[in-house]
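The chain contents come next:
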Amino acid sequence: TITIYIEPETPGIQGTLDVDDVVNACDTLHYNLDLKATGIGDVESVMVRLNLPGSGELSYLPGSGNVAFDGNSQQIDPSQDSISLFWNLDSLAFMSPGFNGLAPSAYLTFEVVTSCGFNDEVVSLDVSATNYCGKEVGAFTLERSPAVVLGLPEVDSLSLGLSAATIAPCDDTVWVDL
């Protein structure tokens, strides 16, 4: 008798988030999320949560969400809760079943509109899923922002005037908030 131990690779998920590296201050930002299923068995309950900065400098462009998988694609806007926007990819009939190591690639594209004053705001995506046994796989966060934002005004100089009215008597340190 020969005993062979086989440990199959359980389902998992990987992702990359991409955006143009150089944009103008008032450009619409085009984001591409590439999801890869790994292992044996289906990856299910795929959720993608879009977290925008609280400053209000960036907002999702309605109608821009699109999911592509296995030769099919569909426009899908995210749902919204009290803190963020999210896509439930299993709500698309063509995503389930079959998102697995044999048909591993799914793509989510969407656009974000700027308020023309943003500088280094970061868009982050939380991606989570379960395997066919109901166990969570691949929960991870991806963050991305353009590397260079053109068209923002540059500060040439800063003048600061201190007087007795701005300095507390008897203090050795002056605090100035800029």
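Visitor: Which parts of the structure should I look at to understand the side chain of Ser-64?
Guide: Along the chain, Ser-64 falls in the loop between strand S5 (58-60) and strand S6 (66-69). From its side chain, Ser-64 meets the backbone oxygen of Leu-61 in a polar contact 2.7 Å long. Within the local environment of Ser-64, its side chain forms a polar contact with the backbone nitrogen of Glu-111, the two atoms lying 2.9 Å apart.

Visitor: Looking at this structure, I do not really get unusual backbone geometry. What am I missing?
Guide: If a residue is not glycine, its phi is most likely negative; likewise, a peptide bond is most likely trans. For Ser-45, which is not a glycine, the phi torsion comes out positive at approximately 50°. Position of Ser-45 among the secondary structure elements: in strand S4 (residues 43-51). Unusually for a residue other than glycine, Asp-70 sits at a positive phi of about 50°. Its location among the elements puts Asp-70 in the loop between S6 and strand S7 (72-75). Judged by relative accessible area, Asp-70 falls into the exposed class, the value being 57%.

Visitor: Looking at this structure, how should I read the sheet that holds strand S11 (residues 123-131)?
Guide: In sheet architecture, strand pairing relies on hydrogen bonds along the backbone and comes in two forms, parallel and antiparallel. Sheet architecture is open: five strands sit in the order S8-S9-S4-S11-S12, paired in antiparallel fashion. Two strands lie at the open edges of the sheet, namely strand S8 (79-80) and strand S12 (136-144), each paired on one side alone. Both S4 and S11 contribute to a ladder of seven bridges, which runs antiparallel. The residue bridging Arg-49 from the neighbouring strand is Asp-126, located in S11.

Visitor: Just checking my understanding: could you explain a nonpolar patch on the surface for this structure?
Guide: A cluster of nonpolar side chains, namely Ile-2, Ile-4 and Ile-6, defines an oily patch on the protein surface of about 420 Å² accessible area. With respect to the helices, strands and loops of the structure, Ile-4 is situated in the segment before strand S1 (12-19).

Visitor: Would you mind going over the pattern of salt bridges with me for this structure?
Guide: Side chains that differ in charge, positive against negative, can pair when their charged atoms come close. Scanning the entire structure with this criterion turns up three salt bridges. If you follow the salt bridges from partner to partner, you end up with Asp-18, Asp-21 and Arg-144 in one network.

Visitor: I'm lost on the pairing of S11 in this one. Help?
Guide: Note on strand geometry: in a regular strand, side chains alternate between the two faces of the sheet. Across the nine residues of S11, seven count as buried, placing the element largely inside the fold. Pairing of S11 with S12 involves seven bridges; the strand directions are antiparallel. By the bridge assignment for S12, Thr-130 is matched with Glu-136. Hairpin connection, S11 to S12: the antiparallel pair is bridged by four residues, and Gly-134 has positive phi, about 85°.

Visitor: I would appreciate a short explanation of the packing of aromatic side chains in the present structure.
Guide: Geometrically, a pair of aromatic rings is defined through the distance of the ring centres and the angle of the planes. Applying the stated criterion to the full structure yields three aromatic pairs. Aromatic side chains Tyr-31 and Phe-110 sit 5.3 Å apart centroid to centroid with 5° between the ring planes, which places their arrangement in the stacked category. Here Phe-110 lies in strand S10 (residues 105-114) and Tyr-31 lies in strand S3 (residues 28-38), a separation of 79 residues in the sequence. The pair formed by Tyr-31 and Phe-110 is uniform in burial state, with each residue classed as buried. Measuring from ring centre to ring centre gives 5.3 Å for Trp-87 and Phe-110, while their planes differ by 40°; the resulting arrangement is tilted. One end of the pair, Trp-87, is in strand S9 (residues 85-88); the other, Phe-110, is in strand S10, with 23 residues separating them in the sequence. No difference in accessibility class separates Trp-87 from Phe-110, as the two residues are buried. Members of the aromatic cluster, each reached through a chain of ring pairs, are Tyr-31, Tyr-60, Trp-87 and Phe-110.

Visitor: In this structure, what is going on with the nonpolar core? I would like to understand it.
Guide: Within soluble globular proteins, side chains that are nonpolar tend to cluster in buried spots. Formed by 37 residues in total, the largest nonpolar core has its most connected members in Leu-33, Leu-35, Val-48, Trp-87, Phe-99 and Phe-110. It is S3 that provides the largest number of residues to this core, a total of five residues. Not counting residues up to four positions away in its chain, the partners in contact with Phe-99 are Ile-13, Leu-35, Lys-36, Ala-37, Gly-41, Asp-42, Val-43, Val-46, Phe-69, Pro-104, Ser-105 and Ala-106.

Cut-offs applied
- Residues numbered from 1 in each chain as written.
- Predicted model: local features only at pLDDT ≥ 70, side-chain atom pairs only at ≥ 80, totals over all residues.
- Heavy atoms only, no water.
- Helix = DSSP H or I, 4+ residues; strand = E, 2+ residues; numbered from the N terminus.
- Polar contact = N/O pair within 3.5 Å; in protein donor to acceptor, adjacent residues only side chain to side chain.
- Buried < 20%, exposed > 50% of the residue type's maximum accessible area, 1.4 Å probe, protein only.
- Pairing = 2+ DSSP bridges.
- Patch = residues over 30% accessible without salt bridge, like charges linked within 9 Å, V, L, I, M, F, W, Y side chains within 5 Å.
- Areas by Shrake-Rupley, 256 points an atom, 1.4 Å probe, with all protein chains shown as cover.
- Salt bridge = Lys/Arg side-chain N within 4 Å of Asp/Glu carboxyl O.
- Phe/Tyr/Trp six-rings, centres within 6.5 Å; stacked < 30°, edge-to-face > 60°.
- Core = buried A, V, L, I, M, F, W, Y, C linked by side-chain atoms within 4.5 Å.
- Contact = heavy atoms within 4.5 Å.

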